[in-house]
Amino acid sequence: MKALSRLLPGHGTLWLMFFGGVLAAWALLVATHVPVAVPHPTAEYGLAYLISLCTRSVADAGFVSVAAMWSLMSLAMMAPTAFPAFKTYSDMTYTDSASGTSLAVLVAGYLLVWIGFAVPAAYVQVQLADLHLLDGAGKSTSAPLNALLLVLAGAYQFSRLKNACLSACRNPMTFFFSHWQPGHTGALRLGLRLGAVCLGCCWALMLLAFVAGTMNLAFMGLAMVLMTLEKLPQIGNRISAPLGVFLIISGTMVGVLALIDLLNGGI
């Protein structure tokens, strides 16, 4: 705790809770990937069976379970990407006696936006599963859909909205000074605004979960790292455009190969 206080002065308990929450979210995501087999028919209603109910195919779990999974993904993947902004807010307010609660409210507002994103994302997943466009791991089985999502994410990297949102994320001090509101209500509004800006940066990349698989831990980790780096001023400027080009080329190749297969199948 003392080491944490030295590294992150002010609100040591809140930072401990923040990192503990992120680690817990990742631990739960990992736990859902642990294969659980019922050892014997006589143990059908034993512990292994109960655990298997929680680790079944995401595509078949139903809307509520899928929405919970997307919310968990959002906490695990997106909270770390906003840490520089949270730290900036903490540095600006930690001498205020009420700022500890304000920081917690800011983070809650930010996460509330991503929970809001989880609801339509879960709805889309359930609908795609009903159309048999997703496999058991939540991965698209449709090459045209994969091509569309990849090209969309790549093209969005060059959009004015993406650039505006990234600019705000890369300059949290300027962001908070420009939109500063005091008190807990102000912190909530700042958190919601920060979440909206972050959503504007990352929604298209998050939808690539349908390409890699919504239960793909490797994708979650890679996407978290990429989105975190993209929000850093020096590094982000160097990777945004190349990432966009890579995604567009990948999507185009997937689409072309799908078209060739279609044409060959019709011959």
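That block above? That's the structure.
The rules behind each value
- Residues numbered from 1 in each chain as written.
- Predicted model: local features only at pLDDT ≥ 70, side-chain atom pairs only at ≥ 80, totals over all residues.
- Heavy atoms only, no water.
- Salt bridge = Lys/Arg side-chain N within 4 Å of Asp/Glu carboxyl O.
- Helix = DSSP H or I, 4+ residues; strand = E, 2+ residues; numbered from the N terminus.
- Buried < 20%, exposed > 50% of the residue type's maximum accessible area, 1.4 Å probe, protein only.
- 1 Å grid on protein atoms, 1.4 Å probe; cavity = no way out; pocket = protein on both sides within 12 Å on 5 of 7 lines; lining within 4 Å.
- Points joined across faces, edges and corners; volume = space filled by probe spheres on them.
- Nonpolar A, V, L, I, M, F, W, Y, C, P; charged D, E, K, R; others polar.
- Phe/Tyr/Trp six-rings, centres within 6.5 Å; stacked < 30°, edge-to-face > 60°.
- Core = buried A, V, L, I, M, F, W, Y, C linked by side-chain atoms within 4.5 Å.
- Contact = heavy atoms within 4.5 Å.
- Expected span 1.5 Å × (residues − 1).
- Arc of directions from axis to C-beta.
- Bend = angle between axes of the 7 residues up to and from the residue.

Considering all chains together, one arrives at two salt bridges under this definition. The residue lysine 87 makes a salt bridge to aspartate 91 at a minimum N-O spacing of 2.8 Å. A residue pair is termed a helical-turn pair when its members lie 3 or 4 positions apart in one helix, as lysine 87 and aspartate 91 do in helix H5 (residues 83–93) at four residues. For glutamate 230, the salt bridge goes to lysine 162, with nearest N and O atoms at 3.2 Å. Pair noted here: glutamate 230 is in helix H12 (residues 217–230) and lysine 162 is in helix H8 (residues 160–170), with a separation of 68 residues, a long-range link. The two residues glutamate 230 and lysine 162 agree in class, both being buried.

Turning our attention to the layout of surface pockets. Using a probe with the size of a water molecule, rolled over the atoms, empty space left in the structure can be pinpointed. Of the volumes computed, that of the second largest pocket is approximately 240 Å³. As for the second largest pocket, its lining consists of 13 residues, and the residues nearest its centre are Leu208, Phe219, Leu222, Leu226 and Leu247. Contributing elements (two or more residues each) for the lining of the second largest pocket: helix H11 (209–212), H12 and helix H13 (233–266). In terms of residues, the lining of the second largest pocket owes the most to one element, H12, which gives five residues. Taken together, the residues of the lining of the second largest pocket break down into 13 nonpolar, no polar and no charged.

Let's shift gears to the packing of aromatic side chains. What describes a pair of aromatic rings is the distance from one ring centre to the other and the angle between the planes of the rings. Inspection of every chain in the model, using the stated rule, returns 12 aromatic pairs. Between phenylalanine 18 and phenylalanine 86, the aromatic rings sit 5.7 Å apart at their centres with planes inclined by 85 degrees, giving edge-to-face as the arrangement. Here phenylalanine 86 lies in helix H5 and phenylalanine 18 lies in helix H2 (residues 12–31), a separation of 68 residues in the sequence. With 5.5 Å between their ring centres and 50 degrees between their planes, phenylalanine 19 and phenylalanine 83 make a pair best called tilted.

What follows is about the nonpolar core. One broad trend across soluble globular proteins is that nonpolar side chains are buried collectively. Core analysis: the largest hydrophobic core is formed by 66 residues, its most contacted members being Trp70, Met77, Met78, Phe86, Tyr110 and Leu208. Examining the composition of this core, we find that 13 residues originate from one element, helix H6 (residues 99–130), more than from any other. Those residues in contact with phenylalanine 86 that lie beyond four places of it in its chain are Trp15, Phe18, Ala79, Leu103, Leu106, Val107, Tyr110 and Leu194.

Here we take up H12. Between its terminal C-alpha atoms H12 stretches 20 Å, which fits the 20 Å expected from 14 residues at 1.5 Å a residue. Those residues of H12 that fall on the buried side of the exposure criterion are Phe219, Met220, Ala223, Met224, Met227 and Glu230. Seen end-on, H12 carries its buried residues on one side only, within an arc spanning 135 degrees. Facing away from the buried surface of H12 by more than 90 degrees, the exposed residues are Ala218 and Leu222.

The backbone phi angle of histidine 132 is positive, close to 60 degrees, even though this residue is not glycine. With respect to the helices, strands and loops of the structure, histidine 132 is situated in the loop between H6 and helix H7 (143–156). The exposure class of histidine 132 is exposed, given its relative accessible area of 66%.

Relative to the assigned elements, threonine 81 resides in helix H4 (residues 63–81). Filtering out sequence-adjacent residues up to four positions away, threonine 81 remains in contact with Tyr110, Cys198, Met224, Met227, Thr228 and Lys231.

For an α-helix, 3.6 residues make a turn, and residues three or four places apart therefore share a direction. For helix H10 (residues 183–206), spanning 24 residues, the distance from its first C-alpha to its last is 32 Å, which sits close to the expected 34 Å at 1.5 Å a residue. The principal kink in H10, of about 45 degrees, is found at glycine 200.

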